[in-house]
Structure formats: structure tokens, C-alpha cells
Amino acid sequence: MQKSTVVSCLVCASLQVGVLFAQQVQSPKQGTPSVESVPAADYRVTKLVLSPGKPVSGLEGSHVVFSPLQCTATGDVLVGIPTPPAFRESRVASLSRYGGRVLDFQTIPGLYDMQLLTFFPSHSDVAFLFHASEENKESDYRMVTDKGQIVTGKDNRTEHNYYVVRFGLDGQYKSKTKLPSGKLDFKVATLPSGDLLLLSYDQANRTPVLQVLDESGRPVNAIPLQGGLVNDEAIDRGRSGDALDAAKASMSVSSWQFIPARGKVLLYRPKANAPILEIGNGGSVREVPVEGPRGYELDSFIPSTKHWFAIFRRSGIGNGGSSVDSRASSKNFLMAELNPYDGSVERLFEMESDSFFNIACEADGQFISYSVDDDSNPKFSLSFTDVPN
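Here's a quick rundown of the structure. Everything numeric here is computed off the predicted structure, so don't read it as measured data.

Quick look at the state of the cysteines
Here is step 1 of the chain: Using the criterion set out here, one finds one disulfide in the structure.
Here is step 2 of the chain: Between the sulfur atoms of C71 and its disulfide partner C361 the distance amounts to 1.9 Å. Measuring handedness by torsion sign, the sulfur bridge of C71 and C361 sits at about -90° and is left-handed. Residue C71 is found in strand β6 (residues 70–71), and its partner C361 is found in strand β28 (residues 359–363); the two are separated by 290 residues along the sequence.

Below, the structure is given as C-alpha cells:
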């Protein structure tokens, strides 16, 4: 079985075009660091062997998926799949032990030229963030490239806005909500109360913004963003630099992630050891420092109902766009269970094969993992493994 390539979707602040980059791919080129370079002796180590996967029926697989994966309250894995060749449009597949299906975005009424930015499951539905237009109208355009070439075509140049669209856990369309205008919206999450968390970038003030919205999209309150989470060089340059610096700052904010964990929502900045925010109903916030293994930085969190599971990446790997061996045996990535109260590492997991990125989530005491076979017509597989004590 082969792990699919995981990519993150960024939105260019000036053009509103999805930009994809490989986050981690399997490659033996970088070699395997010595075991002595990994601080396993500092922590309790738990051996993890993922159960064999079973093919998901009724759905074609893909070797390229968006990160992070998400899981519904019923344990279904939600996988975002970019559509080639332009990758502007995406589809979302729901995978379960009973089969798979693709959510039908064509059932969303009154939205056109839709660009999916992110999605987030709650106990009752899944919230999708789209950038879209309410007019189905194309017009001719003409532009000149930086090399002086003239490019013409047709595109929907009507007014676009941000919308939260909800689908039920049965895969059926439920509702759509137009969000307040004026900012670049990047991420949405659902609190247990049903209120929304919205992460945006304020272009006028050149600063990231985190808001709580009610289910109708009306602002409830703003959550101040300060301290370690926003201690980012790109954001600092964006406050006082030129338009390009501001665009880079907004792209940095677009890489932040929401993840459900222990009944609340975590907001974190990948590829950093910045503190994370644990957010509850009403926008209650607790800042938690992350104390990762020395020589590693936080890469991502795994959605979980009962724990805090994090993946750390070796500092400096992948710089300059080089490929990175993501197999667990390479030690380029470590998976840890964190203490949710102080962010310290409680234990590390060790695997002889597979990749920690095969794990989509933890639900009710089981790791739900996915993989893709290496055929020309790929198929997804799922496995369910009890979380070891």
C-alpha cells in the first residue's frame, strides 16, 4: 500500500487562486538519520502497529489529498481531493467501513464558480468554507504576463464572497450562510454550541483576525490574537512592508489550522513551536505552550475525541523544496501524545513501517488510518487500530 501525497491549500491574497505545495512525500533520497539523533530516551515509547486496511467500496482513490484530514462524529474520514489540471476545484469524499461517496456540491443552490477553502466536522454536520459568486456569468478577459505574452479567455468576473455551507453527516446539503465582507477568510471551525470560528486576514489593518460567529454568520465576539502564535516574521513584515509583504503575511495566516480535540477546537501554526490556542464555547481561550522533542518542531495535530496527538518534524528538513522521507522509520517525523494541560510530551509512538500521516484521526479509542494502493486506478483503504496503552 502507498500513502498518498498530502498537500496544503493556500489562498493567494491578491489573486484568490489556490496554490498547492507538497507537504511531505515518501522518498529514500534524504537517507535515514541515526537513531541516536532522536531523543526517544527522554520519553516513554509505545510501539504502534496499524491494522491491515480494507478497501473502501464505491469510490475511486487519489494519490493526492489535502491536509489535514478530518473525521466526523461517526468515524467517517473526510478527504479533500484536488481536481486536475488547474486544481482550483476540489471534491470531498467521505470514507467509512461501509463504503465511500463524494459529496455533491452541485446541490448547493445559488452559488457558482465555487472554490473550496477548508472544511470542519461537528457532532451534527460538516461546515465547508467556499469563495463563490451568486451570479453564473462569464466574461472575456485579456491580460499580459510578466514576459509580455497576451492571454485571453473567459472567466466569472462577478462579485465573489465567502460562504459557509453545511452538509449533514448523511452527505445531504443543509444550508448556506454568507459571511461578512471586508476580510480574507481562510479557515472555519464549529464549536460544540454550533457557533462558528472564523480565521481571517484583515488587509486594511494587516493583521490576522479570529472571530466567533453565530449560526447565521453574525459576529458574536472577536478573540484577541497575541503572544507566541502571531510571533511570526512574515506577519511582522506584512504590518509595515509593501503589498508583496502583506500578501506573504496573509498566506502565512492561511496555513494555520483548526483541529477538533477533546470536545474543543485547537488553533495552531504548522512548522513552528509556537503556543497553540484551545478554544471552547463562547470563544473561551486557553493558550498552551508546546514542548516538543529537541531538534523537532510542530508539524500537525491529529483530530481526536479523547487525546492530544501531534506530529513533529525534524527542524530544517524540506527547506528549499527538497523531498522528505515521511516513513516513520526515517525519524524525520515523530508522533507524540501531549499532556493537554501543559503541552508536554507524555510519550512517543514508534512504527517500523507505514507513516504517521496515514493516521486520519482518533475516534473513541481507535486510530482510523487510510492508505491508497499503487495502481493506475487507485483505491482507498481504511484500518481501525486500538490506541495502545
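Overview of the sheet that holds strand β4 (residues 54–55)
Here is step 1 of the chain: Spatial ordering of the open sheet is given by β4-β30-β29-β28, a layout of four strands whose pairing is antiparallel. With one partner strand each, in any of the chains shown, β4 and β28 form the two edges of the open sheet.

Concerning the sheet that holds strand β14 (residues 160–168)
Here is step 1 of the chain: A sheet is described by the order of its strands in space; here four strands give the open sequence β10-β11-β14-β15, paired in antiparallel fashion. With partners counted over all chains shown, the strands left at the sheet margins are β10 (112–121) and β15 (173–178), one partner each. The average angle at which neighbouring strand axes cross in this sheet is 25°, direction not considered.

A few points about the packing of aromatic side chains
Here is step 1 of the chain: Per the counting criterion, the structure on display carries 14 aromatic pairs.
Here is step 2 of the chain: Relative to F128, the ring of F119 lies with its centre 5.7 Å away and its plane at 40°, an arrangement referred to as tilted. Here the two residues F119 and F128 agree in accessibility, since each one is buried.
Here is step 3 of the chain: Judged by centre distance (4.9 Å) and plane angle (85°), the ring pair of F333 and F357 falls under edge-to-face. On the criterion of sequence distance, the pair formed by F333 in strand β26 (residues 333–338) and F357 in the loop between β27 (345–350) and β28 is long-range, its members being 24 residues apart.
Here is step 4 of the chain: Take F333: its relative accessible area is 1%, and that puts it in the buried class.
Here is step 5 of the chain: An aromatic cluster of three or more residues is present, and its members are F105, F119, F128, F130, F167 and Y173.
Here is step 6 of the chain: Residue placement shows R97 over the ring face of F384; its charged tip is 3.8 Å from the ring centre.

What counts and what doesn't
- Residues numbered from 1 in each chain as written.
- Predicted model: local features only at pLDDT ≥ 70, side-chain atom pairs only at ≥ 80, totals over all residues.
- Heavy atoms only, no water.
- Disulfide = S-S within 2.5 Å.
- Helix = DSSP H or I, 4+ residues; strand = E, 2+ residues; numbered from the N terminus.
- Pairing = 2+ DSSP bridges.
- Axes fitted to C-alpha atoms, helices over the stretch in contact; angles between N-to-C directions.
- Phe/Tyr/Trp six-rings, centres within 6.5 Å; stacked < 30°, edge-to-face > 60°.
- Buried < 20%, exposed > 50% of the residue type's maximum accessible area, 1.4 Å probe, protein only.
- Lys NZ or Arg CZ within 6 Å of the ring centre and 35° of its normal.

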